[in-house]
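Fold and contact review
The primary structure of each chain is shown beneath.
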Amino acid sequence: MIVAASPSSTPAEPGASAEPDLWEAPDPWEEADPSTTPDTPADHDTPAGHDTPAGHDPPAGHDTPAGRDRRAGAPSVEELLAIAVGAVPGGTDRPGQRAMATAIAEAYRDGEHLLVQAGTGTGKSLAYLVPALLVPGPVVVSTATLALQHQLVDHDLPRLARAVSSRLGRTPTFAVLKGRHHYLCLAKLEGGQAEEPDALFETGSGGGVRWLGEAGRLGQQILRIREWAEKTATGDRDELDPGVDDSAWRQVSTPARECVGAARCPFGAECFAEQARARAREVDVVVTNHSLLAFDMLAGRHIIPPHRLLIIDEAHELADRVSSAAQAELTTEQVDRAARRARSFVDGDLVERLTEAADALATAITPLPPGRLTGALPPALQEALTLVDSAARQALERIGEVKADDADPVGKQQTRALLSDVDDTAQRMLDFAAHDVIWVERDERRRALVVAPLSVAGTLRHHLYEDRVVVATSATLALGGAFDTVARSLGLTLPRTGGPPTLESTVDDDEAEEPPPSWRSLDVGSPFDYRRQGILYVAAHLPRPTESGLSEPAAREMVRLIRALGGRTLGLFSSRRAATRAAEVLRAETDLEILVQGEEALPLLVRRFREEPSSCLLGVMSLWQGVDVPGDACQLVIIDRLPFPRPDEPLAAARAAAVDAAGGSGFASVSVPIAAVRLAQGVGRLIRTSQDRGVVAVLDSRLETARGYGSYLRKSLPPFWYTTKPDVVEAALRRLAAATPAVPTQPTPAEVTG
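Notes on the structure follow. (Residues numbered from 1 in each chain as written. Predicted model: local features only at pLDDT ≥ 70, side-chain atom pairs only at ≥ 80, totals over all residues. Heavy atoms only, no water.)

A tally of regular secondary structure across the protein chain gives 28 helices and 20 strands. For the protein chain, the residues scored as buried account for 54% of the 754 residues in total. For the protein chain, restricting intrachain contacts to residue pairs at least 6 apart in sequence, the fraction spanning at least 24 positions comes to 80%. (Helix = DSSP H or I, 4+ residues; strand = E, 2+ residues; numbered from the N terminus. Buried < 20%, exposed > 50% of the residue type's maximum accessible area, 1.4 Å probe, protein only. Contact = heavy atoms within 4.5 Å.)

Below is the structure:
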């Protein structure tokens with residue numbers, strides 16, 4: 001068992017009478033003669049570790065302990081980490097970072113999987129990259145966001161490679177591996193034909209029709225891509241600056257299923273995607289993303305090169321990304337597109353059948369309201385899906401397999417892929433298996449049928465862990481103070497016999513399963529002194545939120561807090577309606593600069609927020625984990641309500657309903673953990689460096705008053721000093737405003753390393 005926590009992550013006992021350091025001189029939060037005794041701190045418990053069963057063999061192909069393959073005299077993890085930290089400007093020793101790096105080396109040595117919760121400021125990137133360099137490569141690192149991927153490839157790995165090259169006697173190498181559609185396809189570029197060569201109109205994904213006379217911009221972008229193609233060495237879309245629209249990129253890229261393969265493609269020897277995969281096989285560290293990792297796993301693990309160690313950063317998002325990869329959708333436009341592409345390979349009667357099937361699908365979907373389908377499929381929809389399935393299957397049979405001597409093997413494979421997608425999805429919907437959810441997505445521009453699995457825990461258990469050691473890390477893994485919920489979602493535990501029903505037990509009830517993978521857990525805490533640096537304030541006096549949008553009492557509370565600080569506020573709202581209302585109120589009642597997500601490009605808004613002290617940035621869910629503003633620019637984070645999934649989120653609703661039907665609590669098993677992850681991510685926007693100070697204000701009284709889940713949610717958050725007293729937090733904000741310089745301070749590189 002591995003259990004660790006930094007001293008700063010352990011709060012005082014509830015009910016402790018001593019005032020926290022936050023309020024003691026010479027702290028700028030200090031009140032000259034405090035007359036009010038602060039509330040007791042939030043009731044956090046140190047997350048428990050996970051005892052791992054002994055006697056499990058390491059993964060196949062993992063027959064040597066960590067380090068045995070290294071040459072004599074190779075450095076230890078501790079030595080190499082010290083060298084790496086010394087290369088970071090202002091870098092300092094961090095106990096949590098050392099504990100994490102050591103635990104990864106030990107997990108690899110023992111052949112056991114590892115969950116690591118590493119709070120903000122741990123420096124977890126170096127903590128996993130350093131032991132990765134001591135493992136026979138390649139080692140694969142997967143991220144959920146492009147921001148972290150760029151941080152690793154553009155900053156962390158180059159600096160690490162330079163720092164340790166002398167001690168290792170070589171310069172470590174690394175490469176990025178993305179999905180095939182991220183790379184320029186020379187076959188499509190040189191083919192020179194659009195997907196609709198004989199059409200005067202183009203149908204969008206949501207059914208909207210566009211005259212191709214509007215495509216002048218599209219043509220200009222493709223021309224620019226052609227010019228770029230003469231110079232690029234990688235064909236990576238991210239290197240095309242300025243970028244192009246998705247519609248333009250689709251004309252010159254190929255999804256994996258539409259690729260004919262290098263051996264059959266006339267440009268196979270020059271293929272950018274194949275070159276990227278070849279580079280990935282030769283380097284020490286491969287950086288990829290959760291989506292490609294999921295597709296690789298579902299496709300039999302032949303995309304990402306073979307490896308012994310897989311590190312999953314931002315692991316709290318993995319299950320959702322795998323679920324998205326296992327999701328499929330069917331639209332009228334998709335069937336129409338398949339019919340048009342099939343014209344070159346099948347008779348007109350089959351094209352007509354596909355077109356008629358698309359019309360039938362449109363007729364069946366149009367009257368359906370958005371949301372989840374329950375019970376049997378509506379008769380009209382079942383009939384339309386049957387027509388689509390039959391027409392697509394016959395077209396596939398008529399086209400046949402792709403052969404080396406085909407006149408147009410690339411076009412033939414692309415057509416087969418489109419028809420296969422249509423056929424597979426229609427058949428899956430007709431089957432309507434108990435472990436699948438089907439819903440209708442519909443808005444002004446889009447109508448679609450979507451199908452997705454209820455749970456991917458079984459898929460992960462069977463396909464993620466075989467023949468490699470998996471290290472999953474995030475700042476948000478110990479929900480409610482324990483790893484159990486995340487471990488279940490990642491397939492690391494089996495449903496408990498006789499225990500309360502969970503989502504995983506309703507879907508995965510095979511008691512004859514082989515034992516789950518052997519794993520251990522570790523919480524390294526955070527180097528930040530949360531009780532001294534921040535306050536978690538819950539407005540417990542506000543009425544329980546009932547209506548969508550921002551209530552008047554919550555709006556008044558928001559204005560009071562923001563006035564006390566004078567700006568420097570990030571507002572995270574549960575809906576666009578609430579964010580819009582908040583902006584209206586603040587613009588009417590303050591002279592502050594109010595920035596609202598959607599009114600300008602997000603990077604520009606964030607830059608203005610960072611540079612203008614008397615500003616507030618308001619937004620919705622994408623801001624909850626997509627904004628990083630260290631320093632004095634962000635000292636108040638306001639959350640309008642607990643971020644439970646909305647009732648109209650079909651997948652979450654279906655999962656909760658499945659648990660309810662099995663006799664459990666769907667709210668507790670599904671909705672509360674989702675809210676815990678979202679809330680922890682939002683709260684984490686406040687303290688980004690050891691010098692940051694501020695307040696997280698939650699305007700939802702349920703975080704204090706709700707029995708059961710209120711405590712669970714608080715235990716999922718960093719151990720801030722906790723209060724429900726409005727006058728206490730307002731006074732603290734006023735003292736913070738008086739002590740903060742007019743020009744926001746900028747942290748050092750070491751301070752912003754997570």
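Listing the buried residues of helix H8 (residues 272-280) in full gives Phe 272, Ala 273, Ala 276, Arg 277 and Ala 280. Mapping the buried residues of H8 onto a view down its axis gives an arc of 140°, with all of them on the same face. (Arc of directions from axis to C-beta.)

Both faces of strand E15 (residues 569-572) are covered, namely the face carrying Thr 569 and Gly 571 and the face carrying Leu 570 and Leu 572. Sheet topology places E15 next to strand E17 (residues 615-619); four bridges connect them, and they run parallel. The partner of Leu 572 across the bridge, within E17, is Gly 619. Here E15 runs beside strand E18 (residues 636-639); their pairing, made up of four bridges, is parallel. Note on E18: the bridge partner recorded for Gly 571 is Ile 638. (Pairing = 2+ DSSP bridges.)

Looking at the element boundaries, Ala 697 is found in strand E19 (residues 694-698). For Ala 697 and Leu 536, which are 161 residues apart along the polypeptide, the C-alpha to C-alpha distance reads 6.2 Å. For Ala 697, the contacting residues outside a window of four places in its chain are Tyr 537, Leu 561, Leu 636, Val 637, Ile 638 and Ile 639.

Turning our eyes to something else, we now look at the packing of helix H12 (residues 348-365) against helix H13 (residues 379-399). When two helices pack together, their arrangement is given by the angle between the helix axes and by the axis-to-axis distance. In contact at an axis separation of 8 Å, H12 and H13 are set at 155° when each is read in the N-to-C sense. Overall, the two elements H12 and H13 adopt an arrangement that is roughly antiparallel. For H12 against H13, the interelement crossing comes out left-handed. Across the interface between the two elements, Asp 349, Leu 350, Arg 353, Leu 354, Ala 357, Ala 360, Leu 361, Ala 364 and Ile 365 from H12 touch Ala 380, Leu 381, Ala 384, Leu 385, Leu 387, Val 388, Ser 390, Ala 391, Ala 392, Gln 394, Ala 395 and Arg 398 from H13. Split into classes, the residues belonging to the contact of H12 with H13 amount to 16 nonpolar, two polar and three charged. (Axes fitted to C-alpha atoms, helices over the stretch in contact; angles between N-to-C directions. Parallel < 35°, antiparallel > 145°, perpendicular 65-115°, else oblique. Left-handed = near helix turned anticlockwise from the far one by under 90°. Nonpolar A, V, L, I, M, F, W, Y, C, P; charged D, E, K, R; others polar.)

Another point: empty space enclosed by the protein. Within this structure, the stated rule accounts for five cavities of 30 Å³ or more. Around the largest cavity, the lining is made up of 20 residues, and of these Arg 180, Cys 185, Cys 259, Cys 265 and Cys 271 lie nearest the centre. Put simply, the parts of the chain that give the lining of the largest cavity at least two residues each are helix H5 (186-191) and H8. In terms of residue count, H8 provides more of the lining of the largest cavity than any other element does, three residues in total. Of the residues that constitute the lining of the largest cavity, the class distribution is 14 nonpolar, three polar and three charged. (1 Å grid on protein atoms, 1.4 Å probe; cavity = no way out; pocket = protein on both sides within 12 Å on 5 of 7 lines; lining within 4 Å. Points joined across faces, edges and corners; volume = space filled by probe spheres on them.)

For the rest of this paragraph, the subject is the sheet that holds strand E7 (residues 309-312). Working definition: the strands of a sheet are paired by backbone hydrogen bonds and lie parallel or antiparallel to each other. One open sheet accounts for seven strands, arranged E3-E6-E2-E7-E12-E1-E13; its pairing is parallel. Of all the strands in the sheet, just strand E3 (174-176) and strand E13 (519-523) have a single pairing partner and so form its edges. The average undirected angle you get between the axes of adjacent strands in this sheet is 15°. In the packing of helix H4 (residues 146-168) onto the sheet, the strands contacted are strand E2 (139-143), E3 and strand E6 (285-289), and the crossing angle to E6 comes to about 165°. Each of E2, E6 and E7 touches helix H9 (residues 290-298); the most contacted strand, E6, lies at about 95° to it.

The subject of this paragraph is the sheet that holds strand E10 (residues 436-442). Strand order in the open sheet made by the four strands is E8-E11-E10-E9, with antiparallel pairing throughout. With one partner strand each, in any of the chains shown, strand E8 (328-330) and strand E9 (371-372) form the two edges of the open sheet.

Applying the stated rule across the entire model yields 37 salt bridges. Among the salt bridges present, the one from Arg 520 reaches Glu 112, with a minimum N-O distance of 2.4 Å. With Arg 520 in strand E13 and Glu 112 in the loop between helix H2 (95-110) and strand E1 (113-117), the pair connects residues that are 408 residues apart, well separated along the chain. Each of the two residues, Arg 520 as well as Glu 112, counts as buried. The partner of Asp 284 in a salt bridge is Arg 170, and the shortest N-O contact between them spans 2.9 Å. You can see Asp 284 sitting in the loop between H8 and E6 and its partner Arg 170 sitting in the loop between H4 and E3, a full 114 residues away along the chain. For Arg 170, a relative accessible area of 34% corresponds to the partly exposed category. (Salt bridge = Lys/Arg side-chain N within 4 Å of Asp/Glu carboxyl O.)

Running from N to C, helix H19 (residues 552-565) and helix H27 (residues 726-739) cross one another at 30°; their axes reach a closest spacing of 7 Å. Classified by the angle their axes make, H19 and H27 are roughly parallel. Seen from H19, the contacting residues are Glu 557, Arg 560, Leu 561, Ala 564 and Leu 565; seen from H27, they are Pro 726, Val 729, Glu 730, Leu 733, Arg 734, Leu 736 and Ala 737. For the contact of H19 with H27, the class distribution of residues is eight nonpolar, no polar and four charged.

The next thing to look at is the nonpolar core. Most often, soluble globular proteins keep nonpolar side chains buried together rather than apart. In this structure, Leu 115, Leu 184, Ile 225, Leu 464, Ile 639, Val 696 and Leu 713 are the most contacted members of the largest nonpolar core, which totals 92 residues. Element by element, the count of residues in this core is highest for helix H24 (residues 666-683), at seven residues. Those residues in contact with Leu 115 that lie beyond four places of it in its chain are Ala 472, Leu 477, Phe 483, Ala 487, Leu 490, Leu 492, Trp 519, Arg 520, Ser 521 and Leu 522. The next biggest cluster of nonpolar side chains, apart from the first, holds 42 residues, and it includes Leu 81, Ala 84, Leu 129 and Leu 168. (Core = buried A, V, L, I, M, F, W, Y, C linked by side-chain atoms within 4.5 Å.)

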